[in-house]
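Observations on chain architecture
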Amino acid sequence: MTWQHQVEIKLDKQSAAERLRRIEAWCTDWQIAFQVLGTMTGGVIRVAFEEARFARAFHAHFGGVIAPADELEAALAEDAAEVDLYDRLARDYPD
């Protein structure tokens with residue numbers, strides 16, 4: 001299973017437990033498989049789905065921000081380009 005279709009939502013401490021229960025109930029009622037992922041930012045979670053249509057339906061119902069599907073691939077490509085640049089600089093300017 002791939003969980004690449006994600007929606008990021010903010011939760012405040014007072015309503016987080018209730019909102020998570022509502023999310024679970026909604027997904028269960030619609031028989032939608034999902035995962036709740038943590039993020040580096042406090043009070044923000046990502047809810048991940050196997051299909052884009054489920055992420056869109058969740059977004060329409062609960063709000064939040066749809067995370068780009070290719071976010072991980074883009075970050076990896078940026079890292080690879082940066083490593084390549086450092087390698088070229090190391091070859092051009094040896095110690």
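Up top is the structure these notes are about.
Described in the following lines is the structure provided in the data block. Residue numbering note: each chain is counted from 1, following its sequence as written. Whole-chain, interface and lining totals are the exception, using all residues; otherwise, since this is a predicted model, local features are given only for residues with pLDDT of at least 70 and side-chain atom pairs are given and counted only at 80 or more. To get the side-chain values, take all heavy atoms of the structure and skip hydrogens and water.

1. Structural notes on the packing of aromatic side chains
In plain terms, the rule: By convention, a stacked pair of Phe, Tyr or Trp rings (six-membered ring in the case of Trp) has centres within 6.5 Å and planes under 30 degrees apart, an edge-to-face pair has planes over 60 apart, and any other such pair is tilted. Segments assigned H or I by DSSP are reported as helices when at least four residues long, segments assigned E as strands when at least two residues long, and all are numbered from the N terminus. A 1.4 Å probe rolled over the protein chains alone gives each residue an accessible area, and that area as a share of the maximum for its type sets the label: buried under 20%, exposed over 50%, partly exposed in between.
According to the stated counting rule, one finds 4 aromatic pairs in the structure shown. For the pair Trp26 and Phe58, a centre-to-centre distance of 6.1 Å together with 70° between the ring planes defines the contact as edge-to-face. With Trp26 in helix 1 (residues 16-29) and Phe58 in helix 2 (residues 52-62), the pair connects residues that are 32 residues apart, well separated along the chain. For the pair Trp26 and Phe58, a shared accessibility class is recorded, and that class is buried. Where Phe58 meets Phe62, the ring centres are 4.8 Å apart and the plane angle is 35°; that geometry is what we call tilted. Of this pair, Phe58 and Phe62 both sit in helix 2, 4 residues apart, which is roughly one turn of the helix. Through successive ring pairs, a cluster of aromatic residues spans Trp26, Phe49, Phe58 and Phe62.

2. Side note on a nonpolar patch on the surface
The condition is simple: Patch definition: residues with relative accessible area over 30% and no salt bridge; like charges joined within 9 Å; nonpolar side chains (Val, Leu, Ile, Met, Phe, Trp, Tyr) joined within 5 Å. The Shrake-Rupley method, run with a 1.4 Å probe sphere, supplies the accessible areas, and residue values consider only the shown protein chains as cover. A side-chain nitrogen of Lys or Arg and a carboxyl oxygen of Asp or Glu constitute a salt bridge if their distance falls within 4 Å.
A surface patch of nonpolar side chains, amounting to about 450 Å² of accessible area, comprises Leu85, Tyr86, Leu89 and Tyr93. Secondary-structure assignment places Leu85 in helix 3 (residues 71-92). Overall, the relative accessible area of 37% leaves Leu85 in the partly exposed class.

3. Looking at helix 2
The periodicity of an α-helix, 3.6 residues per turn, causes residues three or four places apart in sequence to face the same way. For clarity, the threshold we go by: Arc, as used here, means the arc of the directions from the helix axis to the C-beta atoms. The contact rule is simple, with two residues in contact once any of their heavy atoms fall within 4.5 Å.
Buried residues of helix 2: Phe54, Ala55, Phe58 and Phe62, and no others. Within helix 2, the buried residues cover an arc of 100° as seen down the axis, which keeps them to one side. Considering only its buried residues, helix 2 is in contact with strand 1 (5-10), helix 1, strand 3 (44-49) and strand 4 (65-67). Looking one or two places after helix 2, you find Gly63, whose phi comes out positive at around 80°.

4. Notes on the nonpolar core
Rules: What we call a nonpolar core is a set of buried Ala, Val, Leu, Ile, Met, Phe, Trp, Tyr and Cys residues that are connected through their side-chain atoms within 4.5 Å.
Core analysis: the largest hydrophobic core is formed by 15 residues, its most contacted members being Ile9, Phe49 and Phe58. Counting residues per element, the ones that place at least two in this core are strand 1, helix 1, strand 3 and helix 2. Discounting residues that sit within four places of it in the chain, Phe58 has contacts with Val7, Ile9, Ile23, Trp26, Val47, Phe49 and Gly63.

5. A closer look at the sheet that holds strand 4
For the record, the criterion: Paired strands are those between which DSSP finds at least two bridges. Between the N-to-C directions of two axes lies an angle of 0 to 180 degrees, each axis being a line fitted to C-alpha atoms and, for a helix, fitted only over the stretch in contact.
If you walk across this open sheet you meet the 4 strands as 2-3-1-4, and the pairing is antiparallel. Strands at the two margins of the open sheet, each flanked by one partner only, are strand 2 (34-38) and strand 4. When the angles between neighbouring strand axes are averaged without regard to direction, this sheet yields 30°. In terms of strand pairing, strand 1 meets strand 3 through 6 bridges, oriented antiparallel. Bridge pairing in strand 3 places His5 opposite Phe49. Sheet strands in contact with helix 2 are strand 1, strand 3 and strand 4, and its direction is about 20° off that of strand 1.

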